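# Residue-level structure breakdown
The chain contents come next:
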There are 2 protein chains.
Amino acid sequence: MGSLTQPSSLTLFHTSPHSSIPSRSFFPRQQQHRRLCLTVKPLASKTQNTTPQKPKEKSHNNEVQKSKPEGTITPRSQDFNAWYLDVIRDAQLADYGPVRGTMVIRPYGYAIWEAIQDYLNVKFKETGHSNMYFPQLIPYSFIEKEASHVEGFSPELALVTIGGGKELEEKLVVRPTSETIVNHMFTQWIDSYRDLPLMINQWVNVTRWEMRTKPFVRTLEFLWQEGHTAHATPEEAEKEALQMIDVYKKFAYEETAIPVIVGRKSKAETFAGASRTYTIEAMMGDQKALQAGTSHNLGQNFSRAFGTKFTDENGQKQHVWQTSWAISTRFVGGIIMTHGDDAGLMLPPKIAPVQVVIVPIWKKAEEKANVLDAALSVEKILKTSGIKVKLDDSEQRTPGWKFNFWEMKGVPIRIEIGPRDVSSQTLVVSRRDVPGKQGKDFGISMEPSILESYVKDKLEEIQASLLEKAKAFRDSNIVDVTSYDELKVVISQGKWARGPWSASDSEELRVKEETGATIRCFPFEQPQGMKACLMTGNPAEEVAIFAKSY
Amino acid sequence: MGSLTQPSSLTLFHTSPHSSIPSRSFFPRQQQHRRLCLTVKPLASKTQNTTPQKPKEKSHNNEVQKSKPEGTITPRSQDFNAWYLDVIRDAQLADYGPVRGTMVIRPYGYAIWEAIQDYLNVKFKETGHSNMYFPQLIPYSFIEKEASHVEGFSPELALVTIGGGKELEEKLVVRPTSETIVNHMFTQWIDSYRDLPLMINQWVNVTRWEMRTKPFVRTLEFLWQEGHTAHATPEEAEKEALQMIDVYKKFAYEETAIPVIVGRKSKAETFAGASRTYTIEAMMGDQKALQAGTSHNLGQNFSRAFGTKFTDENGQKQHVWQTSWAISTRFVGGIIMTHGDDAGLMLPPKIAPVQVVIVPIWKKAEEKANVLDAALSVEKILKTSGIKVKLDDSEQRTPGWKFNFWEMKGVPIRIEIGPRDVSSQTLVVSRRDVPGKQGKDFGISMEPSILESYVKDKLEEIQASLLEKAKAFRDSNIVDVTSYDELKVVISQGKWARGPWSASDSEELRVKEETGATIRCFPFEQPQGMKACLMTGNPAEEVAIFAKSY
């Protein structure tokens, strides 16, 4: 918590005078700046619309000189947090809401979330889960039923106390997570072992009164899916919890090109109410860890608190064994911070709302019709092949401005078509992930079948390349340690420390207090053999990964 | 409001002892009953699971005698409201949540909502709208900005007054609708005419502290989509509002087989904050009207209240012209109440989560393998053709029980396969919408191409037939009137009265107070020529439709 990066004073993010709790803002410097520049238009689109750039391109070889829009983003290496906020603003992913810590997810950011939903929704159904919807208002008494759950969540609750103009007899909690209300309903739906397993999921908003907020990563309200299951045996619940963390892992690797580390949380970091929490931990561009998804084996903790029982095959009443698992809009933050660079967002093709942008280029009026015709026909070819393509044929912008804009938006492939390309029936392709000439292919044929297979191959190549790059970065920043002193050095360098651990919860807390790092997980992939705990020297069965985190 | 049907004392719906505001329940009789039968298991699935039926089928001709599950639903003609609640329970569409007036949407009910989403989402994108997400917590001061908006919504607000353990300086409203926060953000995104039109949509939950609740039709929290657009001219806004009500109309007719009447709301019934409200009004099986979707031309009401301005092509600052439009989970209630019958739900094929259910039938153990093989191969054929098919091969239930269960769930087509069918490589098809022998086709070939085209044709036939039936019912229950006396008679018969209207708001209110009917709309389809107002005798340009409504 103490390790959050400071907000940059360069950000142009707008704050509203209506902010409901100004006294508790956690963007102090930023807020101050925002007040000073309230007349500055906060969003890239508006700045761009009112400050048209002069065209500065050479048409030869399509080598367009880039004209930087106003409000260029902070370099990533200079201030990672300022860079992150700048990218979110300029790529039009999100904006602050009027209430402190809330976020408006703009269409481009929401489209990434929709891509996440589309993939996971299919996987959830394939693995036997049904979608449904539980009310978001939960009686306060429900939250109190499971001891560690109330301890974990009560500081973060938003409470409805007035409804229809009257004070309510019982305060209502705005859903921070749904285990309690789910169990309340499960007691009514589960009677016999034949009703099990009960496997459901919901895509909803949740509200947690977070102290330190950051767009996507930690907001007062966020969107997520929460899966909830009930089983007849502890083995089935454990298998389900493991199955779902594996679904998340595959999603992270295959769709978002984020090489997460999968493992088990320490007791201290386990979900409030769970017996065991599995996690996927991602390394961001500043080497901090992001908990990107969790799957909990809840044991019988909630079923005992709520009396969720079934009659087994022998006619005996038993409490059900449960799991819950979630991925949220935080994942969008993970994608930004894993792949982005100084030019802005960089999206893995599989998750990109726009996979290919076509920029037509002409100088003379008589060139325009032919260039646009060719661009339209290329757009049609790609669209027909199922590629998400955008033709940017607006005349208010120069090609140079467009290059910058779509790079900022992280579009994996740019196609340039100029008058010479039309004559030769070819086009130029630029990769977002490989800057300069190295990332350009000239003379690609416009012939439909050639173009289609070229672009599809290229998208796959980019997807694989982003994963490889992220893997290499991750691996070069995880250091094996054998002592607490080594751990401290590694953490102070901003890296992840991996070492044998069998020490106590209080020693884990000491590490956190002294270094700012926490146990991210005991990874599933473990070295063989017994080791000595880095803290105590006692035998340790497992290595743990320590890191600072979001 | 005063015309809501009374809840039935037969319902087994469960209520929780945790209901937060027991003193304000509006289901008095029902609640009383619920308290008396708290030990009665509320849900069909559980009753069924614990009370297996005796098989009573004859295998000849697959004429299976139906064994009624316990807790048979109330006949529709006897008590429409009790029937409605029974169907929702037994078809497992929804359940009450623990907080008064909230609803848990169960997987089968949610799947209908997903089908609604799938269709509309594509249409919204085709018409140029992008999805996004606005926070649900809105500063109270926002709601107060537009005079008629606050008047309309303030009695229904749920207010968050405590966050993170502290009293908030400003109360926060849990989104009842989003025009206010949308305008707050639009002011930041709209600068010039080039930023217009701005056309967005969100799929979210909204909360309204309703007094009289009814599952799907009116609940404290419900799911909906809300579209919001901003335009440079009033003509464009009007065109958009009309376009979206037309999208809704087509959806109602083509997907849900509900022949809605499209029209304009009277001033008294216009949305709080709108200049004009367009509506689709559906006639339920008890002849009451259900407002099934609305599209509002907001004029400049919100843009003036929030200062949402743009610079036009002449450099002049102008307020934008806006629309908003919504369809909610209420529509699921409309589908139930339009098509359902005494046997339960009846779903139009295009919106049905299961379009075809296959029930295998065998008596002797040696018949089982062949029958199941045939059923599996039929399932595969239909699945491959993109038909939503379910094979009910459970051995805990008799075919007769299954027939009842899937009829209750409203599955359009049932396929029965018995040993004789296997020998002849044919099967028996039953239509949900045509009871008895008349709805059965015997000897349908299992040959893939024949079966596929037979089933597809049959599904289309059912879809068209449901619409025709609903149209005939609607038309036979709309009566033209020329005087208030005639109107009173027609309304007292439970029908809709259509007559010329140019009287005042207070006379409209008088009709409501004296008859319980309101102006549902001035329909787009109008008879030619001038008429005399049914109330005053003065010239009237339009006819209005009066009806009691949900």
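Criteria and cut-off values
Residues numbered from 1 in each chain as written. Chains lettered and ligands numbered in written order. Predicted model: local features only at pLDDT ≥ 70, side-chain atom pairs only at ≥ 80, totals over all residues. Heavy atoms only, no water. Helix = DSSP H or I, 4+ residues; strand = E, 2+ residues; numbered from the N terminus. Contact = heavy atoms within 4.5 Å. Buried < 20%, exposed > 50% of the residue type's maximum accessible area, 1.4 Å probe, protein only. Arc of directions from axis to C-beta. Buried area = accessible area lost by both parts, 1.4 Å probe. Salt bridge = Lys/Arg side-chain N within 4 Å of Asp/Glu carboxyl O. Polar contact = N/O pair within 3.5 Å; in protein donor to acceptor, adjacent residues only side chain to side chain. Nonpolar A, V, L, I, M, F, W, Y, C, P; charged D, E, K, R; others polar. Pairing = 2+ DSSP bridges. Least-squares fit on C-alpha atoms with pLDDT ≥ 70 in both. Disulfide = S-S within 2.5 Å. Axes fitted to C-alpha atoms, helices over the stretch in contact; angles between N-to-C directions. Left-handed = near helix turned anticlockwise from the far one by under 90°.

### Structural notes on the environment of A:Thr207
Mapped onto the elements of the fold, A:Thr207 is located in strand β7 (residues 198-207). Distance in space between the C-alpha atoms of A:Thr207 and A:Thr102 is 9.6 Å, their sequence separation being 105 residues. Contacts of A:Thr207, omitting those with residues within four sequence positions, involve A:Glu156, A:Ala158, A:Val174, A:Arg175, A:Pro176, A:Leu220, A:Glu221, B:Gln136 and B:Leu137.

### Focus on helix α16 (residues 505-515) of chain A
All names here are of chain A. Restricting attention to buried positions, one finds in α16 the residues Glu508, Val511 and Thr515. Taken down its axis, α16 places every buried residue within 55° of arc, on the same side. Of the residues in α16, the exposed ones pointing more than 90 degrees away from the buried face are Ser506 and Glu513. For α16, the secondary structure elements touched by its buried residues are α15 (484-492), β22 (518-523) and β25 (543-547). Just downstream of α16, Gly516 is the residue with a positive phi angle, here 85°.

### Considerations on the interface of chain B and chain A
Reports often express the size of an interface as the amount of accessible area lost when the parts come together. The interface is formed by 76 residues belonging to chain B together with 76 residues belonging to chain A. Carbon and sulfur atoms supply 59% of the area that chain B and chain A bury against each other, a total of about 6,200 Å² over both sides. Here chain B and chain A share 2 salt bridges between them. Here A:Lys125 and B:Glu114 are joined by a salt bridge, their closest N and O atoms 3.3 Å apart. At the junction of chain B with chain A, the criterion picks out 25 residue pairs in polar contact (both at pLDDT 80 or more). Per element, the largest residue contribution to the side of chain B that touches chain A is 7 residues, and it comes from strand β6 (residues 166-174) of chain B. For the side of chain B that touches chain A, a count of residues per class yields 35 nonpolar, 24 polar and 17 charged. In this structure, strand β5 (residues 158-163) of chain A lies alongside strand β5 (residues 158-163) of chain B, joined through 5 bridges in antiparallel fashion. What sits directly across from A:Ala158, in β5(B), is B:Gly163.

### Some details on the relation of the copies chain B and chain A
The two copies are related by a screw motion: chain B maps onto chain A through a turn of 180° and a shift of 0.0 Å along the axis, at an RMSD of 0.0 Å. Such values leave the two copies arranged in the relation of a two-fold axis. The position closest to the rotation axis in chain B is occupied by the C-alpha of B:Val160, lying 2.1 Å away. When the interface residues of chain B are mapped onto chain A, 100% of them again lie at the interface, so the same face is used by both copies.

### Things to note about the state of the cysteines
Residues and elements named next belong to chain B. Overall, the coordinates contain 0 disulfides over all chains when judged by the stated rule. For the unlinked cysteine Cys521, the closest cysteine sulfur is that of Cys533, found at 16 Å. Cys521 sits in the buried class, given a relative accessible area of 0%. Look at Cys533 and you get buried, because its relative accessible area is 2%.

### Observations regarding the sheet that holds strand β18 (residues 426-431) of chain B
The strands making up a sheet associate through backbone hydrogen bonding, with each pair oriented either parallel or antiparallel. Residues and elements named next belong to chain B. Taken in spatial order, the 5 strands line up as β16-β15-β17-β18-β19 in an open sheet, and their pairing is mixed. At either margin of the open sheet sits one strand with a lone partner, and together these are β16 (389-391) and β19 (440-445). Across the sheet, the mean angle separating the axes of adjacent strands is 25° when strand polarity is ignored. Two strands pair when backbone bridges link them, and strand β17 (residues 413-417) and β18 are joined in this way by 4 bridges, in the antiparallel orientation. Bridging from a neighbouring strand, Ile413 pairs with Arg431 of β18. Against the sheet, helix α11 (residues 365-384) touches β15 (356-360), β16, β17 and β18, its axis set at about 170° to β15. Sheet strands touched by helix α12 (residues 399-408): β15, β16 and β17. Its angle to β15, the strand with the most contacts, is close to 170°.

### So, the packing of α11(B) against helix α14 (residues 448-476) of chain B
All names here are of chain B. At a closest axis distance of 10 Å, the pairing of α11 and α14 adopts a crossing angle of 60°. Both α11 and α14 take part in a crossing whose hand is right-handed. Residues Val378, Ile381 and Leu382 of α11 lie in contact with α14, whose contacting residues are Pro448, Leu451 and Val455. When grouped by side-chain class, the residues that make up the contact of α11 with α14 number 6 nonpolar, no polar and no charged.

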